[in-house]
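# Commentary on secondary and tertiary structure
The residues making up each chain are set out below.
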Amino acid sequence: MSVLSICQALEATWIGTQVRETYWGYAAPQIAHLLGMALFGGAVVVDDLRLLGRLRRPAFSELSHQLVPLKWLGFVVVVGSGLALFMSDATRLYRNWAFLVKAALLLLVALNAGVFRAAVYRSVEPLPPSAKVSAGLSLLLWFAIIVTSRLIGFVGPEY
Amino acid sequence: MLFRLFVWYGESPIARAMNSSEWMFPIVEVIHMIWIVLLVGTAVILDLRLMDLRLKRMPVWELASDLMPWTTAGLVTMLLTGPLLLSTDADRYYDSYEFRFKMACFALVLLFDVLVHRRVRAKNSTAGPGWQRFAGAMSLLLWSCVVVGGRAIGILMLSVTR
């Protein structure tokens, strides 16, 4: 089974068809994607700013703990709407270089969270220097992810 | 009258500069979207505090004074990049319900900030928990509408020709 045939199958699903061919089917996941991003991205950025010392309070452990439900809600909304959007246009996206770069960056940001952040979340203040590296990396990666997201619509191949 | 202003703006040197390269719009749009995440992301956290849903142990004014520089920087970036995006297609934006909806919500959230939100989050605020919850909920609702309206412009209006 080739990647192309998987993408074709995804596009043929009910979700893929609805998102591609109906007005609100397309608009709703697009809107949800950005709203979810404001929730998830907002919580992550505030975490990062705290780690970088750009916010003075509260203690990082309390802040990140309090923001966990926001991150989960935002994450579920962003991933769900993102998958729906991918399914609607899979055969074009899988050979769109901006999309492929975005996918690679998402893997890196997950790796950063999984490897470095896990250590940071467990440590107590004062935070280790690696916390700043990880936070800076996270901000940089999210910045690049938003850039590549917007590029998807502007670079080829066309439909 | 207002329509003629939009037409004039759509033919101004700013619009010509924005339309001079196919890369100008996506570059400015990316800046617009990165900063809206910072603006709304930090506003949401303060609003959830006002609604007593998150970070309850932190005084409102303290959280506000830490977050507001980022919210304000986001707002300033919106005010700089938004009109640039508008200039590329000003007369069509004027006719678009999505654009009107977004601008109405944006005006409301700014008005609400000056009249209510600012007082509630001030250091010496005497606002009770009822006012705090109301201010947080309204601000959250209005900012969400601004985001929805913004995305609606990009999808519903521009997809007609794209």
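Residues numbered from 1 in each chain as written. Chains lettered and ligands numbered in written order. Predicted model: local features only at pLDDT ≥ 70, side-chain atom pairs only at ≥ 80, totals over all residues.

This paragraph deals with the interface of chain A and chain B. Counting from both sides, the interface comprises 25 residues of chain A and, opposite them, 24 residues of chain B. Contributions of two or more residues to the side of chain A that touches chain B are made by α3 (23-51) and α7 (129-152) of chain A. Residue composition of the side of chain A that touches chain B, by class: 18 nonpolar, 4 polar and 3 charged. (Contact = placed C-beta atoms within 7 Å. Helix = DSSP H or I, 4+ residues; strand = E, 2+ residues; numbered from the N terminus. Nonpolar A, V, L, I, M, F, W, Y, C, P; charged D, E, K, R; others polar.)

To continue, consider unusual backbone geometry. All names here are of chain B. Even without being glycine, Asp 52 reaches a positive phi, approximately 65°. Along the chain, the position of Asp 52 falls in the loop between α3 (24-50) and α4 (60-87). Taking the number of C-beta atoms within 10 Å as the measure of exposure, Asp 52 has 13 and is therefore partly exposed. The phi dihedral of Leu 55 is positive, around 50°, even though this residue is not glycine. Residue Leu 55 is classed as buried on the basis of its C-beta count, with 21 C-beta atoms lying within 10 Å. (Buried ≥ 20, exposed ≤ 12 C-beta atoms within 10 Å, placed from the backbone.)

What follows deals with the environment of Gln18(A). Relative to the helices and strands, Gln18(A) resides in helix α2 (residues 14-21). Between the C-alpha atom of Gln18(A) and that of Met87(A), which follows or precedes it by 69 residues, the distance is 9.9 Å.

What follows concerns the packing of α7(A) against α3(B). Close contact between α7(A) and α3(B) brings their axes to 10 Å; oriented N to C, the two are set at 135°. If you check the angle between α7(A) and α3(B), you find them oblique. By crossing handedness, the relation of α7(A) to α3(B) is classed as right-handed. In this structure, α7(A) contributes Phe143(A), Ile146(A), Val147(A), Arg150(A) and Leu151(A) to the contact, and α3(B) contributes Pro26(B), Glu29(B), Val30(B), Met33(B) and Ile34(B). The class makeup of the residues in the contact of α7(A) with α3(B) is 8 nonpolar, no polar and 2 charged. (Axes fitted to C-alpha atoms, helices over the stretch in contact; angles between N-to-C directions. Parallel < 35°, antiparallel > 145°, perpendicular 65-115°, else oblique. Left-handed = near helix turned anticlockwise from the far one by under 90°.)

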